[in-house]
Amino acid sequence: MGKSIFKVRLCCFFLLLSIPAFLYPSVQQRQGKGSVTGRVVDAYKNPVQNVTVAVKGTIYGTFTNENGVYSLSNIPSGNQTVVVSGTGVKPRNVQVLVEPGKVTKAPDIEVDNLVELDEVYVVGKSESRKKQEQAYAISVLDVKKAYIQATPLNKLLNNISSVRIRENGGVGSDYSFSLNGFSGNQVKFFLDGVPMDNFGSSFNLSNISIGMAERIEVYKGILPVSLGGDALGGAVNIVSRKDANYLDVSYSVGSFNTHRIAANGAYTQQKTGFTLRTNVFLNYSDNDYRVFVPIVDLNTNQRMDERWVNRFHDRYQSAGLKLEAGLTDRSFADYLLAGFILAANDKDVQTGATMDAVYGGVQSEGRSFIPSLRYKKSNLLTEGLTFSFHGAYSAVNTFNTDTLMRKYNWLGEWKDAAERGERHYTDAEINSSEWLLNANLDYRLNDYHLISLNNMSSLVERKVFDEADPENESNKIPQNLTKNVTGLSWQADYKRWNATIFGKLYRLQSSSYKIKDQYKETQRLEKIADEKTDFGYGAAWTVFILPKLQAKLSYEHAYRLPESTEMFGDGLIQQRNPDLKPENSDNLNAGVIYEQDVRKHTFQLDANFIYRNTNDFIRKGVSMTANPTTGYENLGNVLTKGVEGGIRYRWNDLLDAGANITYQDITDNQRFEENSGTYVGGNRIENVTYKQRLPNIPYLFGHADVGLKFRNIGLKGSEITVDYTFNYVREYYLSFPGLGSKSSKNVIPEQLSHDIVLGCSLENGKYSIALECTNLTDAGLYDHYRLQKPGRAFNLKLRYFLK
């Protein structure tokens, strides 16, 4: 009862904070204001992006987008002077007649490429800055400066406080994303607002090129209703590049015979609006790095010693193509794009859930084909109404092969085994198909209020056929998972504060099977079906206490519906659990951001407090057997309290340095457990892990980086960069810390890693080369127990960029 009252009071608090917005009449209605839209071009009619467009004598201004288009709202009616300015262009003044309540389309404004810095207006904000000023707890990572680096896109996320990327090994290995104690599927991934849940193992953040993205948005609590989905503790949205015309090609070669090829490009014909965008990647690695592992005598099956050996069955290769074509900036559509993703990967499986198991013939392959359609139209039927839609069909085929009658050790030696299959005899094809529909409707009531309605629906069907066991009854039962999330939000946005209130309806339907009376004569398969409906809600609020000091507060009661892989397994290492229940959590975020510019110096400080009270927490566990496996289970109640902080300093575009640290105390908060199946002691027993820290999750970690940039050294248009990064993780236990003696516990050791990148570019970035060294000190690095990551590695990257 106390918790329910707390929730009601908290929501009422946010509502009271926002009431003034409803009482504040629309200034546009009162004074008669309108909007202006248009395009800025050069002498050859090419679009000019990232220049400032402002209304003289007012505070209203913006930047042009990649198509040279700008849009200004809340402009007083009558004759106004629009000023175009920016570094590298000569300012232009243009007279525009603004009509009240209407959108005035101004003619193209042509600018000359002259520099008159004394006349430049500093008006408008970057998209990243606009995002950070919202009420959401969000970090925005601008990846443009990392285009020259060979670092995969997923590893860049380690630069953000509260974020840890945990990998099982080298290139192509499975990885998990941890944010404020939530990990795996508890944190959702989006590509331009499209859920990546069922893109397959080939098209993910470790494979796609860093040159594909413009920025990465990390939501550390509630997320906009427009994203849809059922994230429990945050989300990551990859925003792809929006350049109208460009070509970016790169090739990198590195240790362990690693090769990466990437090509990203776009073509836009301004007259017709025809747009073509494409992203291509090819990756290959032998992953034959050295690991320190136990050596087993195959004849006696006894452990002899531990040695440094090379991995011998870990080759990985992947390829992918993302292509979109259609029309942009037309009267009937902001964009109408049809496209597809085609991706594939082949992977040798060297180990199980830990390195105590070693395989020499297990393989996994993945194939994905995902056609899609995207549409968006602003001012649909009436001014202020925006509709967007995304539809996709995902066909993902996974092939798991484990057929050898052999047993291997880490020396690559093998002996004949009595049975087929090193772990579990299988030659299976898993077919997963998904329909995904996401529709969003925004209606701007006036300059200060926005209402959003979103609906996301997905239907996943999974079928399995195993040539090694064609008569397996369980493979003849189709498994289905249907999810639907509907969200409604209201947003108020004023000069010094903004707020959001929202509600979400979650619906889940699943059908699968269970094994009844296992290991008994009456063992049988039983079809099961389940249906659940839940309601979530929340609010976020931010205020600028001072012009440079921003405070944020947000709360949500969120649900996360299980994914198909969690319920149905992967057919290889991960076991199935059809009884998984949706997890729910009460999440609270409170933070402050301070930024100060002093001449050529910029300082930024941020600090956040997090609170998570999660029921039916879905946790990934590891079975410590001869052939270790993983699986998901519900924990009754988990409590998370944590703090994070960061500091960043920039000087004159020459020096950029920063650091952040995160501490999170994640404990089992379930005091009693149900004790079914016994006739002694009642139905409830004391939980032996009550108030103990959850295992296999880092609780203290940090990051630091320093970057130097030198321009026009020797040659005009040249740039030399030096970037250094440091990551730290405190040691943590694989099992609950209160169980057993300290000497008997398995520990993931303390991690300290250093990376350095030297880069050089010519002709304003047209040609570039970078040399990268990761794990500079060749330290033993582990993100999961006894799953060692690569030691010191070198990469050389060559890049060609044309715009």
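Thresholds, definitions, all that
- Residues numbered from 1 in each chain as written.
- Predicted model: local features only at pLDDT ≥ 70, side-chain atom pairs only at ≥ 80, totals over all residues.
- Heavy atoms only, no water.
- Helix = DSSP H or I, 4+ residues; strand = E, 2+ residues; numbered from the N terminus.
- Rg over C-alpha atoms; globule rule 2.2 N^0.38 Å.
- Buried < 20%, exposed > 50% of the residue type's maximum accessible area, 1.4 Å probe, protein only.
- Areas by Shrake-Rupley, 256 points an atom, 1.4 Å probe, with all protein chains shown as cover.
- Lys, Arg positive; Asp, Glu negative; His and termini not counted.
- Charge placed at Lys NZ, Arg CZ, Asp CG, Glu CD.
- 1 Å grid on protein atoms, 1.4 Å probe; cavity = no way out; pocket = protein on both sides within 12 Å on 5 of 7 lines; lining within 4 Å.
- Points joined across faces, edges and corners; volume = space filled by probe spheres on them.
- Nonpolar A, V, L, I, M, F, W, Y, C, P; charged D, E, K, R; others polar.
- Core = buried A, V, L, I, M, F, W, Y, C linked by side-chain atoms within 4.5 Å.
- Contact = heavy atoms within 4.5 Å.
- Salt bridge = Lys/Arg side-chain N within 4 Å of Asp/Glu carboxyl O.
- Pairing = 2+ DSSP bridges.
- Phe/Tyr/Trp six-rings, centres within 6.5 Å; stacked < 30°, edge-to-face > 60°.
- Lys NZ or Arg CZ within 6 Å of the ring centre and 35° of its normal.
- pLDDT = per-residue confidence, 0-100.
- Patch = residues over 30% accessible without salt bridge, like charges linked within 9 Å, V, L, I, M, F, W, Y side chains within 5 Å.
- Disulfide = S-S within 2.5 Å.

## Looking at the overall build of the protein chain
Now for step 1: For the protein chain, the helix and strand inventory stands at five helices and 48 strands.
Now for step 2: Its C-alpha radius of gyration of 28 Å places the protein chain within 12% of the 28 Å reference for a compact globule of 803 residues.
Now for step 3: For the protein chain, the proportion of its 803 residues judged to be buried stands at 52%.
Now for step 4: Total accessible area on the protein chain stands at roughly 36500 Å², and carbon and sulfur atoms take up 55% of it.
Now for step 5: Considering the protein chain, the positive charge centre built from 91 side chains and the negative charge centre built from 88 side chains are found 5 Å apart.

## Looking at the layout of surface pockets
If a probe the size of a water molecule is rolled over the atoms, the empty space left behind becomes visible.
Now for step 1: Estimates place the volume of the second largest pocket at around 1000 Å³.
Now for step 2: Along the walls of the second largest pocket sit 35 residues, with His424, Asn472, Ser474, Tyr513 and Arg576 positioned nearest its centre.
Now for step 3: Of all elements in the fold, only β28 (426-444), β29 (449-466) and β31 (497-516) reach the threshold of two or more residues within the lining of the second largest pocket.
Now for step 4: Ranked by residue count, the leading element in the lining of the second largest pocket is β29, at four residues.
Now for step 5: Of the residues that constitute the lining of the second largest pocket, the class distribution is 12 nonpolar, 13 polar and 10 charged.

## Here's the deal with the nonpolar core
A general feature of soluble globular proteins is that nonpolar side chains tend to end up buried together.
Now for step 1: Counting residues in hydrophobic clusters, the biggest one holds 57 residues, and the most contacted among them are Leu153, Leu157, Phe177, Phe203, Ile216 and Val236.
Now for step 2: Leu153 has contacts with Leu205, Ile208, Ile210, Ala213, Ile216 and Ile238, leaving out every residue within four places of it along the chain.
Now for step 3: In this structure, Val48, Val55, Val82 and Val89 belong to the second largest nonpolar core, which totals 18 residues.

## Digging into empty space enclosed by the protein
Now for step 1: Counting across every chain of the model gives 10 cavities of 30 Å³ or more.
Now for step 2: Of the pockets and cavities examined, the second largest cavity occupies roughly 220 Å³.
Now for step 3: Surrounding the second largest cavity, 21 residues form its lining, Val194, Phe199, Ile341, Ser372 and His390 being those nearest its centre.
Now for step 4: Of all the secondary structure elements, the ones that give two or more residues to the lining of the second largest cavity are β14 (194-195), β22 (316-330), β23 (333-348), β24 (363-377), β25 (385-402) and β28.
Now for step 5: In terms of residue class, the lining of the second largest cavity is built from 10 nonpolar, five polar and six charged.

## Quick look at the pattern of salt bridges
Now for step 1: Applying the stated criterion across every chain, the model contains 40 salt bridges.
Now for step 2: One salt bridge in this structure joins Arg374 and Glu324, with 2.9 Å as the shortest N-O distance. Taken together, the residues span a long stretch of sequence, with Arg374 in strand β24 and Glu324 in strand β22 at a distance of 50 residues.
Now for step 3: When its relative accessible area of 7% is taken as the criterion, Glu324 is described as buried.
Now for step 4: Of the charged contacts in the structure, one is a salt bridge between Lys514 and Asp579, with a shortest N-O distance of 3.2 Å. One end of the pair, Lys514, is in strand β31; the other, Asp579, is in the loop between α5 (564-568) and β34 (583-598), and 65 residues separate them in sequence.

## Looking at the sheet that holds strand β9 (residues 138-142)
Now for step 1: Taken in spatial order, the five strands of this open sheet run β9-β15-β16-β13-β14, and their pairing is mixed. What marks the edges here is a single partner per strand, and that holds for β9 and β14.
Now for step 2: Relative to strand β15 (residues 213-219), β9 is paired through five bridges, and the arrangement is antiparallel. Paired with Ser139 across the strands is Val218, a residue of β15.

## Re the packing of aromatic side chains
Any aromatic ring pair is given by two values, namely how distant the centres are and how the planes are angled relative to each other.
Now for step 1: All chains considered together, the criterion is met by 18 aromatic pairs.
Now for step 2: Three or more aromatic residues joined by ring pairs form one cluster here, namely Phe199, Phe203 and Phe281.
Now for step 3: Of note, Arg576 hangs over the ring of Tyr513, and the distance from its end group to the ring centre comes to 3.8 Å.
Now for step 4: Taking NZ or CZ as reference, Arg693 lies 4.0 Å from the ring centre of Tyr699, over its face.

## Considering the pairing of strand β5 (residues 78-85)
Now for step 1: Extensive coverage of β5 is indicated by the burial of six of its eight residues.
Now for step 2: Strand direction decides the pairing type here: strand β2 (residues 52-55) and β5, joined by four bridges, are antiparallel. Residue pairing for β5: Thr52 is matched across the bridge by Ser85.
Now for step 3: For β5 and strand β6 (residues 92-98), the ladder comprises seven bridges, and the chain directions are antiparallel. Looking at the pairing, Thr81 lines up with Gln95 of β6.

## Things to note about the environment of Val48
Now for step 1: The topology assignment puts Val48 in the loop between β1 (33-41) and β2.
Now for step 2: Look at Val48 and you get buried, because its relative accessible area is 12%.
Now for step 3: Along the primary structure Val48 and Ile109 are separated by 61 residues, whereas in three dimensions their C-alpha atoms are 9.9 Å apart.
Now for step 4: With residues up to four places along the chain from it excluded, the contact list for Val48 reads Val40, Val41, Asp42, Thr64, Asn65, Gly68 and Val111.

## Thoughts on the confidence of the model for the protein chain
Now for step 1: Overall, the predicted model of the protein chain reaches an average pLDDT of 85, with 90% of residues at or above 70.
Now for step 2: Predicted confidence for residues 1-10 stays below pLDDT 50, and this span has seven contacts to residues more than four positions away or in other chains.
Now for step 3: Considering only residues more than four positions removed or in separate chains, one finds that residues 114-124, a stretch of pLDDT under 50, has 24 contacts.

## Regarding a nonpolar patch on the surface
Now for step 1: Together, Tyr251, Ile261, Leu282, Leu758, Ile769, Leu771, Phe794, Leu796 and Leu798 make up a nonpolar patch on the protein surface, roughly 750 Å² of accessible area in all.
Now for step 2: Of all the secondary structure elements, the ones that give two or more residues to the nonpolar patch are β45 (767-774) and β48 (793-802).
Now for step 3: Top element by residues in the nonpolar patch is β48. It accounts for three residues.
Now for step 4: Residue position: Phe794 is located in strand β48.

## What to know about the environment of Thr629
Now for step 1: For Thr629, the position within the fold is in strand β36 (residues 629-651).
Now for step 2: Along the primary structure Thr629 and Glu467 are separated by 162 residues, whereas in three dimensions their C-alpha atoms are 22 Å apart.

## What about the sheet that holds strand β12 (residues 182-183)?
Now for step 1: Sheet architecture is open: three strands sit in the order β10-β11-β12, paired in antiparallel fashion. The sheet is open, and its two edges are formed by β10 (163-167) and β12, each paired on a single side.
Now for step 2: Pairing of strand β11 (residues 175-179) with β12 involves two bridges; the strand directions are antiparallel. Counterpart to Leu179 in the pairing with β12 is Phe182.

## What about unusual backbone geometry?
Now for step 1: Of note in this structure, Arg599 is not a glycine but carries a positive phi near 55°.
Now for step 2: Of note, Arg599 is situated in the loop between β34 and β35 (601-623).
Now for step 3: Even without being a glycine, Asn696 presents a positive backbone phi close to 60°.
Now for step 4: Along the chain, the position of Asn696 falls in the loop between β39 (684-686) and β40 (700-711).

## Observations regarding the state of the cysteines
Now for step 1: In the structure shown here, the tally under the stated rule is zero disulfides.
Now for step 2: With no disulfide of its own, Cys760 lies closest to Cys773 among cysteine sulfurs, the gap being 19 Å.
Now for step 3: Judged by its relative accessible area of 29%, Cys760 falls in the partly exposed class.

## Section: the environment of Ser139
Now for step 1: By the secondary structure assignment, Ser139 is in strand β9.
Now for step 2: Residue Ser139 is classed as buried on the basis of its relative accessible area of 17%.
Now for step 3: Counting along the chain gives 78 residues from Ser139 to Glu217, while the straight-line C-alpha distance between them is 6.0 Å.
Now for step 4: Setting aside residues no more than four positions away along its own chain, Ser139 makes contact with Ile160, Ile216, Glu217, Val218 and Lys220.

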